[in-house]
Amino acid sequence: QIPKDPTQRWLRELAALSQQLQQVHPNVLAKILKQRTVYQNEEVVVIDKPYGLPVHGGPGIKNCIADVLPILAKMLENMKADPLHLCHRLDKETTGVMVLARSKEAAEKIRLLFKTRQVEKFYWAIILGDPDPVEGVVEIPIVEKEVQSHQSHYKMTLAPNYRLCPEDGKVMRIRKNRNAESAVTRYRRLASASACSLLELQPITGVKHQIRVHLAYGLGCPILGDHKYSHWSKLAPQKLPELTLRRLKLEQSKARHLPLHLHAHRLRLPLGQPLDFVCKPPPFFQKTLRKLELDIPKD
């Protein structure tokens, strides 16, 4: 049944696309990734990762990027090509620049560049609200915790080193959580309209779900379509401001279909001469920007 409402139709198509990627033959998936190759040399292959495609396998996942790397390598070079190697990861719902290495040595070299924070990564995210201040750095450690609710589940969350003393409001240092990882995200606002903003984000560290947690819990501005980090204790769809719903022509009851609007926009890799890769946001992201009247900055 095809919804009459264009917004719902568009959201349904996106969900269907994600399901299709799980159902296609691995050769077809490799072909899709080949078409999305934005750069290659003797050391690396850079792809524009599609929405809804996991990087690694897991329960209920039939297709993922890791599994089709041997096929993709053969399609790009020849039948004798060595499989490609993963150098970093992106969440299933995140789109954009992803670097693959042609050899084990190149992969190790690039992973080390990521680990020693020499790779510059820039993301774009559409968020709810307006960050205050409009640009800055969020530097709060992150830890994984179990959420005690009627459906127990795990989430990443903040583990701050400081808190305000209830008696006099002074800043106190608190005991460090042993399992917390230090996390630093630089952000700046590029545009704001319709109770939303477009941000450019530069994660300095690479902790799981770092950008999503820093925005939702650090700045109080969750990413549009991030249903996981819009609440703490419940697994419920994101609550959207009236103005945002109106501009998107969406009812709150259908908000659960909204995709995560997080895009790996640019990556600078200091490999020999510095390589600079840019991927435009996917059509659904651009469509949301237009509907919310958020002006896309010219690169």
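Residues numbered from 1 in each chain as written. Predicted model: local features only at pLDDT ≥ 70, side-chain atom pairs only at ≥ 80, totals over all residues. Heavy atoms only, no water.

Caption draft 1: Fine view of a nonpolar patch on the surface. A contiguous nonpolar patch, built from Tyr 162, Leu 164 and Val 171 and spanning about 340 Å² of accessible area, is present on the exposed surface. Tracing the chain through its elements places Val 171 in strand S10 (residues 171–173). (Patch = residues over 30% accessible without salt bridge, like charges linked within 9 Å, V, L, I, M, F, W, Y side chains within 5 Å. Areas by Shrake-Rupley, 256 points an atom, 1.4 Å probe, with all protein chains shown as cover. Salt bridge = Lys/Arg side-chain N within 4 Å of Asp/Glu carboxyl O. Helix = DSSP H or I, 4+ residues; strand = E, 2+ residues; numbered from the N terminus.)

Caption draft 2: Region of interest: the nonpolar core. Counting 35 residues, the largest nonpolar core has Ile 65, Leu 84, Leu 100, Leu 201, Leu 215 and Ile 223 as the members making the most contacts within it. Of all the secondary-structure elements, those providing two or more residues to this core are helix H2 (26–35), strand S2 (44–49), helix H3 (65–76), strand S4 (95–101), strand S5 (120–128), strand S12 (196–203), helix H5 (210–218) and strand S13 (262–271). Discounting residues that sit within four places of it in the chain, Leu 100 has contacts with Glu 43, Val 44, Val 45, Ile 47, Leu 69, Leu 72, Leu 84, His 85, Leu 86 and Cys 87. Formed by 23 residues, the second largest nonpolar core is a distinct cluster that contains Leu 198, Leu 248, Leu 250 and Leu 292. (Core = buried A, V, L, I, M, F, W, Y, C linked by side-chain atoms within 4.5 Å. Buried < 20%, exposed > 50% of the residue type's maximum accessible area, 1.4 Å probe, protein only. Contact = heavy atoms within 4.5 Å.)

Caption draft 3: Quick peek at the UniProt feature "domain: Pseudouridine synthase RsuA/RluA-like" (unreviewed entry) in the protein. UniProt feature "domain: Pseudouridine synthase RsuA/RluA-like" (unreviewed entry): in the numbering of this structure it lies at residues 44–216. Across residues 44–216, helical content stands at 18% and strand content at 38%; the span's end C-alpha atoms are separated by 34 Å. (UniProt positions renumbered as here; feature names shortened; annotations may be inferred.)

Caption draft 4: Highlighting the packing of aromatic side chains. Taken as a whole and assessed by the stated rule, the structure comprises four aromatic pairs. Ring geometry for Tyr 39 against Phe 277: centres 5.1 Å apart, planes inclined by 50°, an arrangement best described as tilted. Taken as a pair, Tyr 39 in strand S1 (residues 37–40) and Phe 277 in strand S14 (residues 273–278) lie far apart in primary sequence, 238 residues in all. For Tyr 39, a relative accessible area of 27% puts it in the partly exposed group. Looking at Phe 277, the relative accessible area reads 6%, which means it is buried. Ring plane angle 75° and centroid distance 6.1 Å describe the contact between Tyr 217 and Trp 232, whose orientation is recorded as edge-to-face. Residue Tyr 217 is found in helix H5, and its partner Trp 232 is found in the loop between H5 and helix H6 (242–248); the two are separated by 15 residues along the sequence. (Phe/Tyr/Trp six-rings, centres within 6.5 Å; stacked < 30°, edge-to-face > 60°.)

Caption draft 5: Looking closely at the side chain of Thr 7. Tracing the chain through its elements places Thr 7 in helix H1 (residues 6–23). Given the relative accessible area of 1%, Thr 7 is considered buried. Within the local environment of Thr 7, its side chain forms a polar contact with the backbone oxygen of Lys 249, the two atoms lying 3.5 Å apart. Leaving out residues up to four positions away in the same chain, Thr 7 has contacts with Leu 248, Lys 249, Leu 250 and Lys 291. (Polar contact = N/O pair within 3.5 Å; in protein donor to acceptor, adjacent residues only side chain to side chain.)

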